[in-house]
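# Topology and contacts: notes
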Amino acid sequence: DPRPRDSKDSGPGTMEKELPVIDLGAFAAAETESDEAAKALDAACRAHGFVTVVGSGIPREVVASAFAGAKALFALSEAEKAKLTPLSKSTNQGYSGVGAETLERGRPDLKESFNVKFNGNDFSGCPDIFVDSSLALIEAGRGAGRRGTP
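Residues numbered from 1 in each chain as written. Predicted model: local features only at pLDDT ≥ 70, side-chain atom pairs only at ≥ 80, totals over all residues. Heavy atoms only, no water.

With that settled, consider the overall build of the protein chain. On a plain count of helices and strands, the protein chain comes out with 4 helices and 7 strands. Secondary structure elements of the protein chain occur, N-terminal to C-terminal, as β-β-α-β-α-α-β-β-β-β-α. Within the protein chain, the proportion of its 150 residues that are buried is 28%. Contacts in the protein chain between residues at least 24 apart in sequence constitute 47% of all its contacts with a sequence separation of at least 6. Here the protein chain displays about 10,100 Å² of accessible surface, and carbon together with sulfur accounts for 55% of that area. (Helix = DSSP H or I, 4+ residues; strand = E, 2+ residues; numbered from the N terminus. Buried < 20%, exposed > 50% of the residue type's maximum accessible area, 1.4 Å probe, protein only. Contact = heavy atoms within 4.5 Å. Areas by Shrake-Rupley, 256 points an atom, 1.4 Å probe, with all protein chains shown as cover.)

Have a look at this one:
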């Protein structure tokens with residue numbers, strides 16, 4: 001069922017709001033189910049900005065490792081984070097600190113991120129667990145995408 005469901009368990013962290021759960025397994029199904037899943041994902045992202053994904057085909061241990069890698073990265077001191085590759089607006093890759101990005105006029109985002117892509121990432125200064133888990137997640141995502149392609 002590709003329709004969003006609410007989830008209080010959104011992963012290792014805690015969230016104040018419940019997030020919609022999107023089952024990506026429907027994308028590998030018949031075209032009508034895939035269209036329904038795409039519409040559900042679009043609606044959830046527009047309404048909430050974030051979703052919990054299930055049925056991606058990415059092994060749980062890869063996801064758990066990615067969360068551990070992110071935890072290690074964001075636990076770095078502010079001085080260590082200042083040495084990370086800054087977010088590039090042209091490539092949308094790199095580190096962005098708390099309040100550095102603004103999606104709504106006058107309201108900075110109270111989050112930090114390290115954006116990665118399939119290639120061309122500069123992991124200088126990142127903990128090894130973050131680098132290794134990011135690369136494993138990227139590869140697992142590639143594999144999941146290939147499996148979902150008719």
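Below, the discussion takes up a nonpolar patch on the surface. A grouping of Val63, Phe67 and Leu137 is seen on the molecular surface, where their side chains present a nonpolar patch of about 210 Å² in accessible area. On the basis of relative accessible area, Phe67 is assigned to the partly exposed category, the value being 40%. (Patch = residues over 30% accessible without salt bridge, like charges linked within 9 Å, V, L, I, M, F, W, Y side chains within 5 Å. Salt bridge = Lys/Arg side-chain N within 4 Å of Asp/Glu carboxyl O.)

Now for the pattern of salt bridges. Side chains that differ in sign of charge can pair as their charged atoms come close. All told, the structure shown has 5 salt bridges when counted by the stated rule. Between Glu112 and Lys81 there is a salt bridge, with its nearest N and O atoms 3.0 Å apart. One end of the pair, Glu112, is in the loop between strand 6 (107-108) and strand 7 (113-115); the other, Lys81, is in helix 3 (residues 78-82), and 31 residues separate them in sequence. Looking at Glu112, the relative accessible area reads 21%, which means it is partly exposed. A network of salt bridges, in which partner residues are shared, links Glu78, Lys81 and Glu112.

A word on the side chain of Ser96. Tracing the backbone shows Ser96 in strand 4 (residues 94-96). A distance of 2.9 Å separates polar atoms of two side chains, one belonging to Ser96 and the other to Glu101. When sequence neighbours within four positions are dropped, the list of residues in contact with Ser96 reads Leu87, Glu101, Lys111, Glu112 and Ser113. (Polar contact = N/O pair within 3.5 Å; in protein donor to acceptor, adjacent residues only side chain to side chain.)

Evaluated as defined, the whole model comprises 3 aromatic pairs. Ring centres of Phe114 and Phe130 lie 5.3 Å apart, and the angle between their planes is 75°; this geometry places the pair in the edge-to-face category. Separated by 16 residues along the polypeptide, Phe114 in strand 7 and Phe130 in helix 4 (residues 128-147) bring together distant segments of the chain. Both residues of the pair, Phe114 and Phe130, belong to the buried class. Residue classification places Phe130 among the buried positions, given a relative accessible area of 6%. (Phe/Tyr/Trp six-rings, centres within 6.5 Å; stacked < 30°, edge-to-face > 60°.)

When pLDDT is averaged across the protein chain, the result is 82; 80% of the residues are at 70 or more. Low confidence marks residues 1-15, where pLDDT is under 50. Its contacts with residues over four positions away, or in another chain, come to 32 contacts. (pLDDT = per-residue confidence, 0-100.)

Moving on, we come to the environment of Asp128. On the secondary structure map, Asp128 appears in helix 4. Sequence separation between Asp128 and Gly69 is 59 residues, and the spatial gap between their C-alpha atoms is 8.1 Å.

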